[in-house]
Amino acid sequence: MAKRRGMADAGGLFAPAPEQEPPPGHIGHRERLRARFLAGGAEAVADYELLELLLFAIPRLDTKPLAKALIARFGSFAGVLAAPKEELAKVPGMGEAAIATLKVAHAAALKLAASEVADRPLLNAWDKLMAYLHAALAREKVEHFRVLYLDHKNRLKADETLARGTVNHAPVYPREVVRRALELQASALILVHNHPSGDPSPSRADIDMTREVQTAAAALGIALHDHVIVGNGRWLSFRQTGLL
């Protein structure tokens, strides 16, 4: 009987624990990449690796090939985050959870950029304002016309999109710009729109529309500080180029 108990002990309670199988390769890679990022921040990882970290929301998948495919398709890390949901969905491996993760990251980046220009005179935070406008508009596929409505201290009261158009035109009505300024009791304006071509050079129509808004606003004591055109990686200020 004693012998049997010893044998039971040897094969049961006191038996050595079975060796665990090593984690799948992509799981070990995730752990190493996450550790490298936490130790060194964004500077310690490549853009596709930063994208991989976001895509870790996809379980049981090696996300490196997917991250590289996304950057190859959309051109850059920022281009991936700004890509429309419909375009992201066309990439094999991109499901609803992964798309939602990227769009949340994009929204968070815009919120962070917007917070840098909130509650401060915008004319004294021009670089931060340009960073925000570039993040919001540089990669849009159609023209968006926005107006920044400012108070008497040039702080932002409202940032509103008044028109969306085609790849080279967004309809703008100066009377609507001024009417909204009166509703908001704004003291000044900054006009903003993007050129999806990437070239921020103003068209004749851009120049004429700006002058119409300036005239309509001045008649009501509202200042037009600037009109900014956002391209891809570049922007143009009417004020700084002498067009206003």
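All of these numbers come straight from a predicted model, not from anything done at the bench. (Residues numbered from 1 in each chain as written. Predicted model: local features only at pLDDT ≥ 70, side-chain atom pairs only at ≥ 80, totals over all residues. Heavy atoms only, no water.)

Some words on the overall build of the protein chain
Selection criterion: Where helices and strands are cited, they refer to DSSP runs of H or I of at least four residues and of E of at least two residues respectively, numbered from the N terminus. Buried residues are those whose accessible area, probed at 1.4 Å on protein chains only, stays under 20% of the maximum for their type, while exposed residues exceed 50% and partly exposed ones sit between those limits. Accessible surface area values rest on a Shrake-Rupley calculation with a 1.4 Å probe, where residue burial reflects the displayed protein chains alone.
The number of helices and strands found in the protein chain is 10 helices and 5 strands. Expressed as a percentage of the 244 residues in the protein chain, the buried residues total 39%. As presented, the protein chain carries roughly 13900 Å² of accessible surface, and 55% of it is formed by carbon and sulfur atoms.

Looking at helix α8 (residues 126-137)
We count it as follows: Under the convention used throughout, the expected extent of a helix is 1.5 Å for every residue step, that is, one less than its residue count. Contacts are assigned to residue pairs that have any heavy atoms within 4.5 Å of one another.
With 12 residues, α8 extends 16 Å between its outermost C-alpha atoms, agreeing within 8% with the 16 Å of an ideal straight helix rising 1.5 Å per residue. Along α8, the residues that are buried comprise Trp126, Leu129, Met130, Tyr132, Leu133, His134, Ala136 and Leu137. Elements in contact with the buried residues of α8: α7 (96-115), β1 (144-150), β2 (156-164), β3 (188-194), β4 (223-230) and β5 (235-237).

Looking at the sheet that holds β5
To keep things clear, this is the line we draw: Any two strands between which DSSP finds at least two bridges are classified as paired. Lines fitted to C-alpha atoms define the axes here, with helix axes fitted over just the stretch in contact, and angles between the N-to-C directions of these axes take values from 0 to 180 degrees.
Across the sheet, 5 strands lie side by side as β2-β1-β3-β4-β5; this open sheet has mixed pairing. This sheet does not close on itself; its edge strands, each paired only once, are β2 and β5. Between one strand axis and the next, the sheet turns through 20 degrees on average, direction left out of account. Lying over the sheet, α8 contacts β1, β2, β3, β4 and β5, oriented at roughly 50 degrees with respect to β4.

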